[in-house]
Amino acid sequence: MARLSSKTLPQVSEAVATPGYDRSGAGIGIVHIGPGAFHRAHQAVFTDRAMEISGGDWGICGISLNSRDTAQNLTAQDGLYTLAVKDVEASYRIIGSIKRALCAKDDPSAALDALTAPGTKFVTLTITEKGYALTSGEDLDKSNSHIAADLENPHAPASAIGYLVRACALRHSSGVAPLTLISCDNLPANGDKLKAVCVQFAQSFDAALAAHIENDIRFPNTMVDSITPATDDGVWADVEAAISLIDKAPVQREAFAQWIIEDNLPDDRPDWAAAGATITNDVHAYETAKLRVLNGAHSTLTYLGLLAGHETVLDAINDPDLRRFVSSLIETETLPTLTAVDGMDLPDYWSKIRARFENPNIRHLLEQISHDGSRKIPARILPVIEHYLKKGEIAKHACFVLAGWIEFNRTRRAAGNPPTDAFLTAMENDLPDPALSPAEYAGEFLDLTRVISSKIGQNPAVRDSVMAACNNINKSGVHAAGAAQGIPS
Ligand code: CS2
């Protein structure tokens, strides 16, 4: 069977949509750092649609910082790949917006050339939460090994932040118009955070550059949403059968996709609005709701689900106890912490998200979501705990989820597995001994102020609740432990 490429594109079966615009004529206007499955299933699809509707030189150059596979596979296919949408009926579409792909580790000067090209107007990023190298106080963590190495040698960066700051410096000194930098990661105020870390990075060696980044570069905040399980064997086979060609870079996702972008964009931009994105001044409310409801429920089902022996989000949401627990968490604790905007109906928002978790055509592994919890729990669960602490109350469900995450970590480490969490791995010598009792382990874990801010970790009521929950989970399992904690479900 032939491989998908520009040459073989006309052979794709008629039932599969292909790019309805002149790909070869469109220039590159966007560099994307981190062209993994989520980017290819989300922003690249919005851009593909925008080019189809309104044209423009908005082709994407995807830059992987370290991994070669994506760049190699996309290059061999002239940037083309298949999006498999897993709804009641699966549908397939070939996406054409990625025009070029490269691996920065193999070719750092090509990466910098792409970032500094006058035609490049936007850099979008999906570098995951950990790519921002934030401390728990939300500053740039200069002790992060990647950041420390780039600060030693800012002219030859290897991290995303290092590349962005270097590109801003080179463009500024040669008079090329400034970029707009768009974070597309699941962090509250992701644009503000990206700005803060870039400015702080530059401040370490060049105050004028820091001022330029602070004053002249746009960093719109965004909220991104579409459930995108990692590509698995099932997708490879389905895509091959659907397109009758070999595709080594396919992606799968649910039908739902949302992109909310802060109205802080230059006029010369892809017609993302026509492609379905919302451009608004209210991103904050959307992103807080999404992080606490969808991602908060995901992390809840993940850690409690894995402790209960489940494999997928579907298995966990179909477990009657976990379903009741997560619904009670969201309805009684999380939703009251949120502000509804634009006629947003929060209970309805949650019930639609729960229905998305029940999609039988999506096999979303809890293991995938479990990674890097130390970068996720602080945006998804801790703000709920903090909200109630301010009123002198204890969020029992949210504390139970925090306990579930800590106990999940302890049991994994006790079984000899290192944490699947880059931040925790880097501080492994400071982590509590997994041979401690669950309550003692939790107590020491809550003392890790680099992970959990002291206003939460040192609060006596939080400590009591979390330590007791860890003990109960260990003694009687997740299902009975919730009841033992007096958590209504
Ligand atoms: C998930 C998210 O892996 C995770 O942490 O919670 O990737 C989630 O699927 C997306 O944010 C949905 O938009």
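Residues numbered from 1 in each chain as written. Predicted model: local features only at pLDDT ≥ 70, side-chain atom pairs only at ≥ 80, totals over all residues. Heavy atoms only, no water.

Novice: Please clarify how the side chain of Ser-226 should be interpreted in this entry.
Specialist: Looking at where Ser-226 falls in the secondary structure, it is placed in the loop between strand 8 (222–225) and helix 9 (233–243). A distance of 3.4 Å separates a polar atom in the side chain of Ser-226 from a polar atom in the side chain of Arg-253. When sequence neighbours within four positions are dropped, the list of residues in contact with Ser-226 reads Phe-38, His-42, Arg-253, Glu-254, Phe-256, Ala-257 and Arg-356. (Helix = DSSP H or I, 4+ residues; strand = E, 2+ residues; numbered from the N terminus. Polar contact = N/O pair within 3.5 Å; in protein donor to acceptor, adjacent residues only side chain to side chain. Contact = heavy atoms within 4.5 Å.)

Novice: Sorry, what's going on with empty space enclosed by the protein here?
Specialist: Sizing a probe to match a water molecule and rolling it over the atoms shows the empty space that remains. By the definition in use, this model includes 3 cavities of 30 Å³ or more. Counted as a void, the largest cavity has a volume near 90 Å³. Here the lining of the largest cavity gets 4 residues from one element, more than from any other, and that element is helix 17 (residues 396–414). Residue composition of the lining of the largest cavity, grouped by class: 6 nonpolar, 5 polar and 3 charged. Put simply, the second largest cavity is a space of about 60 Å³. Looking at side-chain class alone, the lining of the second largest cavity contains 5 nonpolar, 3 polar and 1 charged residues. (1 Å grid on protein atoms, 1.4 Å probe; cavity = no way out; pocket = protein on both sides within 12 Å on 5 of 7 lines; lining within 4 Å. Points joined across faces, edges and corners; volume = space filled by probe spheres on them. Nonpolar A, V, L, I, M, F, W, Y, C, P; charged D, E, K, R; others polar.)

Novice: Would you mind showing me how to read the packing of aromatic side chains here?
Specialist: Geometry of an aromatic ring pair is reported as the spacing of the ring centres plus the angle between the planes. Considering all chains together, one arrives at 10 aromatic pairs under this definition. For the ring pair Phe-122 and Trp-272, a centre distance of 5.4 Å and an interplane angle of 65° mean the geometry is edge-to-face. One end of the pair, Phe-122, is in strand 6 (residues 122–125); the other, Trp-272, is in the loop between strand 10 (258–262) and strand 11 (278–280), with 150 residues separating them in the sequence. Looking at Phe-122, the relative accessible area reads 0%, which means it is buried. Given the relative accessible area of 1%, Trp-272 is considered buried. With a centroid separation of 4.9 Å and an interplanar angle of 55°, the aromatic rings of Trp-259 and Trp-272 are classed as tilted. (Phe/Tyr/Trp six-rings, centres within 6.5 Å; stacked < 30°, edge-to-face > 60°. Buried < 20%, exposed > 50% of the residue type's maximum accessible area, 1.4 Å probe, protein only.)

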